[in-house]
Amino acid sequence: MGKIVGVVMWLLVIGTVLLFVGQNVFFGDATLWFPESISDIGTTIDKQFSYTMVVVGIAFILSQVALGYVVFRFGRRGQERAEYIHGSGKLEAIWTIATGVVFITLAILAQVIWAQVHLKEAGADAVKVDVVAQQFQFNFHYPGADGVFGRTEPKFINDSSLNYVGLDPSDANGKDDVQTTTLVVPLGEQVDLTLRSKDVIHSLFVPALRLKQDTVPGLSIKMHFKANKTGKYEIPCAELCGQLHYNMKSFMLVLPKDDYQAMAQMTEEKFKERLTELLQQYPVSR
Amino acid sequence: MAEAHPVHGEVHRHEPPSGFIRKWVFSVDHKVIGIQYWFLALFSVFIGMIMSLLMRLQLAWPTESWGFLKTLLPAAAENGTISPELYLSLVTMHGTIMVFFVLTTAPQGGFGNYFLPIQIGAADMAFPVLNMLSFWLTFVALVVMILAIFANVIDPENAAATVVGPIGGWTGYAPLSALGEIAGPGQGTGVVLWITSIAFFCVASLLGALNFITTMLNLRTRGMSLLRLPLTCWAWFTTAVLALLSFPVLLAGGVLMLFDHIGGTSFFVPAGSYVNGQLLVAKQGGSVILWQHLFWYFGHPEVYIAILPGMGLTSHILSTFARKPIFGYRAMVYAIFAIGLLGFFVWGHHMFQSGMDPNTAIVFSVITLAIGVPSAIKTFNWLGTLWGARIRFTTPMIFSIGFVSLFVSGGITGIFLGQSSVDIPLHDTYFVVGHFHLIMGVAAIFGMFAGTYFWFPKMFGKMMNETLGKIHFFITFIGVNCIFMPMHIMGIAGAPRRYSSHDGLAYLGDGFKPLTKFVSFAAFVTIGAQLIFVFNLVWSWIKGPKAGENPWEATSLEWIVPSPPPHDNFAGHEPVVHHGPYEYSVPGAEKDYTMQTDPERAASAGD
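Sequence order as written defines residue numbering, which begins from 1 separately in each chain. Lettering for chains starts from A, numbering for ligands starts from 1, and both go in the order in which the items are written. This being a predicted model, a pLDDT of at least 70 is required before a residue's local features are given, and a value of 80 or more before pairs of side-chain atoms are given or counted; all residues contribute to the totals for chains, interfaces and linings.

Student: Help me understand the overall build of chain B, please; the structure alone is not making it clear to me.
Tutor: Helix and strand counts for chain B stand at 18 helices and 2 strands. Taken over C-alpha atoms, the radius of gyration is set against a globule rule of 2.2 Å times the number of residues to the power 0.38. The globule rule puts the C-alpha radius of gyration for 607 residues at 25 Å, and the 25 Å found for chain B is close to it. With the C-alpha coordinates of chain B rotated into their principal frame, the extents come out at 80 × 55 × 50 Å. For chain B, with 607 residues in total, the buried portion stands at 62%. Two residues qualify as being in contact provided that their C-beta atoms, derived from the backbone, are within 7 Å of each other. Taking the intrachain contacts of chain B between residues at least 6 apart in sequence as the baseline, contacts between residues at least 24 apart amount to 80%. Secondary structure elements are taken from DSSP: a helix is a run of H or I of four residues or more, a strand is a run of E of two residues or more, and numbering for both begins at the N terminus. Every C-beta atom is placed from the backbone, and the number of other C-beta atoms within 10 Å of a residue's own sets its class: buried at 20 or more, exposed at 12 or fewer, partly exposed in between.

Student: Before we go on, may I ask you to explain the environment of V200 of chain A in this structure?
Tutor: Mapped onto the elements of the fold, V200 of chain A is located in the loop between β5 (190-197) and β6 (202-206). A residue is classified by how many C-beta atoms lie within 10 Å of it, and V200 of chain A, with 31 of them, is buried. C-alpha separation for the pair V200 of chain A and Q135 of chain A, spaced 65 residues apart in sequence, amounts to 7.6 Å. Once residues lying within four places of it in the same chain are set aside, the contact partners of V200 of chain A are Q135, P217, C241 and G242 of chain A together with P175, L176 and A183 of chain B.

Student: Is there a simple way to explain the packing of helix α2 (residues 30-60) of chain B against helix α18 (residues 512-543) of chain B in this structure?
Tutor: The relative placement of two packed helices is expressed as an angle between their axes plus a distance between the axes. Residue and element names in this part refer to chain B. Note on method: axes are straight lines fitted to C-alpha atoms, helices fitted across the in-contact stretch only, with angles between N-to-C directions ranging 0 to 180 degrees. Where α2 contacts α18, the two axes come as close as 9 Å, and the packing angle between them is 155 degrees. If you check the angle between α2 and α18, you find them roughly antiparallel. Here α2 runs over α18; the crossing is left-handed. From α2, M49, S52, L53, R56, L57, L59 and A60 reach across to α18, where they touch T516, K517, S520, A523, F524, I527 and Q530. Per-class residue counts for the contact of α2 with α18 are 8 nonpolar, 4 polar and 2 charged. For this classification, under 35 degrees means roughly parallel, over 145 means roughly antiparallel, 65 to 115 means roughly perpendicular, and everything else is oblique. The sense of a crossing depends on the near helix, which, turned anticlockwise from the far helix by less than a right angle, makes the crossing left-handed and, turned clockwise, makes it right-handed. Throughout this entry, Asp, Glu, Lys and Arg are counted as charged residues, while Ala, Val, Leu, Ile, Met, Phe, Trp, Tyr, Cys and Pro are counted as nonpolar. The remaining residues, Gly among them, count as polar.

Student: Help me understand the domain arrangement of chain A in this model?
Tutor: By a widely used convention, the size of an interface equals the accessible area lost when the partners come together. All names here are of chain A. The source of the domain bounds is an automatic or database domain assignment. The domains assigned to chain A are domain 1 (2-75 + 91-118) and domain 2 (127-281). Taken together, the contact pairs 9 residues of domain 1 with 9 residues of domain 2. Residue composition of the side of domain 1 that touches domain 2, grouped by class: 4 nonpolar, 3 polar and 2 charged.

Student: Hey, could you run me through the interface of chain B and chain A in this one?
Tutor: Opposite the 102 residues of chain B that make contact, chain A presents 92 residues. For the side of chain B that touches chain A, the leading source of residues is helix α12 (residues 358-386) of chain B, giving 16 residues. Grouping the constituent residues of the side of chain B that touches chain A by class yields 62 nonpolar, 31 polar and 9 charged.

Student: Help me understand helix α8 (residues 189-218) of chain B, please; the structure alone is not making it clear to me.
Tutor: The periodicity of an α-helix, 3.6 residues per turn, causes residues three or four places apart in sequence to face the same way. Here α8 of chain B spans 44 Å end to end across 30 residues, near enough to the 44 Å set by a 1.5 Å rise per residue. Where burial is concerned, most of α8 of chain B is hidden: 21 out of the 30 residues are buried. Each helix should span, by expectation, one fewer than its residue count multiplied by 1.5 Å.

Student: Just checking my understanding: could you explain the domain arrangement of chain B for this structure?
Tutor: Residue and element names in this part refer to chain B. If you check the domain split of chain B, you get domain 1 (29-272 + 280-286), domain 2 (307-545) and domain 3 (551-607). In this structure, domain 1 and domain 3 have C-alpha centres spaced 38 Å apart. Contacts between domain 1 and domain 3 engage 15 residues on the former and 17 residues on the latter. In terms of residue count, helix α5 (residues 106-120) provides more of the side of domain 1 that touches domain 3 than any other element does, 4 residues in total. Per-class residue counts for the side of domain 1 that touches domain 3 are 7 nonpolar, 4 polar and 4 charged.

Student: Even after reading the chapter, I still don't get the packing of helix α1 (residues 2-21) of chain A against helix α3 (residues 40-73) of chain A, so can you show me in this structure?
Tutor: Residue and element names in this part refer to chain A. Running from N to C, α1 and α3 cross one another at 165 degrees; their axes reach a closest spacing of 7 Å. Classified by the interaxial angle, the pair formed by α1 and α3 is roughly antiparallel. The interaxial crossing formed by α1 with α3 has left-handed handedness. Here α1 contributes G2, K3, V5, G6, M9, W10, L12 and V13 to the contact with α3, which in turn contributes I61, Q64, V65, L67, G68, Y69, V71 and F72. Partitioning the contact of α1 with α3 into residue classes produces 11 nonpolar, 4 polar and 1 charged.

Student: What is the right way to read the sheet that holds strand β8 (residues 221-226) of chain A from this model?
Tutor: Strand pairing in a sheet relies on backbone hydrogen bonds. The paired strands run either parallel or antiparallel. Residue and element names in this part refer to chain A. If you trace the 5 strands from one edge of the open sheet to the other, you get β3-β2-β1-β5-β8, paired in mixed fashion. Here the strands that pair on one side only, and so sit at the sheet edges, are β3 (178-180) and β8. Within the sheet, the average angular offset between the axes of one strand and its neighbour, ignoring direction, is 25 degrees. Strand pairing is assigned whenever DSSP detects at least two bridges linking the two strands. Where strand β2 (residues 137-142) meets β3, 3 bridges bridge the pair, whose relative direction is antiparallel. Bridging from a neighbouring strand, H141 pairs with Q179 of β3.

Student: What is the right way to read the pairing of strand β4 (residues 182-186) of chain A from this model?
Tutor: On a regular strand, one side chain projects to one face of the sheet and the next to the other, so that they alternate. Residue and element names in this part refer to chain A. For β4, a buried count of 4 out of 5 residues is recorded, marking the element as mostly surrounded by other parts of the structure. Both β4 and strand β10 (residues 249-255) contribute to a ladder of 5 bridges, which runs parallel. Note on β10: the bridge partner recorded for T182 is F251.

Written out as structure tokens, the structure is:
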């Protein structure tokens, strides 16, 4: 019985290793993994993930193989007695310190990256976009040709007349503002998002950027990023927000600088026309 | 033996009860109460499993229509499909029922209640009546929770009348779960009932925790020093301390949210909320993230409440069937304490992306990775226990070995999630779902299986069938790996959780659908295999061979009393302890095990 259990453990190790590092042997293009990273910080996060994978992989393989080994080898043998030992202070010290050093090192490296994501501000000339989430769409609010956002207030919100973000009709700056459900950004430039929510918690998740941030009613949260590749990227909502949570998906369109500049000057009507064209033109990134 | 020793901590002695109601329904006997908790958990786990079956059906075939569904749930599955709200209701109820009514009942209230007093040599818990109240309040909580599923049927104001309870997940985040029906179906009456149930559960757990702590500190028999306690007792004790300090916070949060529903308050709703076409003028001043702090301050210790008893039991069973002392008894006790203590300082790792101050994330992240250390220590000590052993591969032993394997698999992915930055792409994806299912939904459950197979002979006086037990183990062990390992891959690919269908997401790639179907098939097979376990239980209870006092040749005090034990456990005698709990294969001893109550002999290292 011990032999069987041991072998099953080892098969489990092989299966798991294949699942994590050997998929493309069996599945080719259908391999499931992170989508291609299109931001520098995303690539940095991927690297930390890989270091962690190495550490975790070694720990996983060693412990499962060891478990399989001890049950394979140390079965009952007639009337023989087991070794009568209560432990080893030396071993306890060694493996406590070793695991401590490894885990804390990983932890510290991870915080350095975290600080780059959250404790650094976007550059002063970053492109600004306001994000207002609601059941069940993400609204992206652009300042229009004048580059100034119109004032918004909850009391002006009117979903049925498409004023999702609550633009104050008396504010001249808001006349040229654009509200749409697609995030349009320029290639290779810092984008500075301000995230808000009207009703419940949602979460802006852009897998290609390795970006995720909850949008929280009552809070105004800043996030910044820089996209290094043009394309159309999906933005699924990543915080349970009601029954259509699964269907609350937007796109991020990363455009070459010139195309972006042209759009930034357009009226809302023209912007939306052009957006429809571009959304059809770009295939969704897989 | 005939001397009258002063009993260490007198328990109010009562005559054995008479009459069916007093004996089996409103009993104050910790053994009956333990079995009641255990049956409550067994019932709940089957409800939870059926819910997961329906969820896996939906995920694998999102657009399919099922005849049997239309028959079973005519209101909720009108055309035989699982609606998005029904799916989310299943998600919510599955999580709530499993975490509270399975993982927080059987290991502690079930086995802990039954065996803590006996393992320490006491005649009952310190507060038997309180014990009975704890169980029945838990029972009422379960009834209310089941009512919550039917909230929209019983709510007269709701015209929809589909069978759908709360849809906010077991975590019930505000404002989705604080705003009422305006935020979604089932979020009005459904949430009110859900909170009420959880509030009852919190009180019941608090009463139970008081009992456990007092009993272990005050009612140990002569010679049962703290360092001679089985590791199961240390685990139950620490779990009780965690429950004592964390459940009140959940209760407080629940009360606040209840007031937001029925008292017109806005603890969790800020000003300027525009929901479903309406500006909520009356709501202002609330903090959304406050709910998460209150919930997870409870929620993180809660997951240790769910796993610690299983760890204690694994140590106990591994040592017993390895015929070898536990490796590093003291280190094991300290590790249990460290896990319990550190568990109170990491709740923010559930909230890295929540919008809380990013500086706090740094602290939470480092401490979270630190918890990996005592967990690793325990794993090394289990391996050390098995090294040089002479293992008897009984069913409880195999399930405990499985526990170690699954604890490693499940715990180790916590190293990814605990790093704040690595968590960014993984939070709220299937990576998290795979992680917590492996550690709670599988490792902890294996602890319960191990406990059942180990203690069934003592509780019911019959042996369970070993062959069926082993078949149950192999199918389940292989099955759960097939179900939950792929989920990590799905999460890495970016599949969000709590989605009733992933069909709309192109970035997941072509491999996603086949993998989803594979996981669902694995789930169907594994769930089916649990019927073998139930059959074994029933068959063995009726027709199993009679169990002696100590069928496993184990050393702790429950094995010196009859199977099942008499009403007052030790038949009026006070057991006297001379040895530690894991004195196996003592050199020079007659048998390869020394009972804790065996006479003293020349001192050896373990005593």
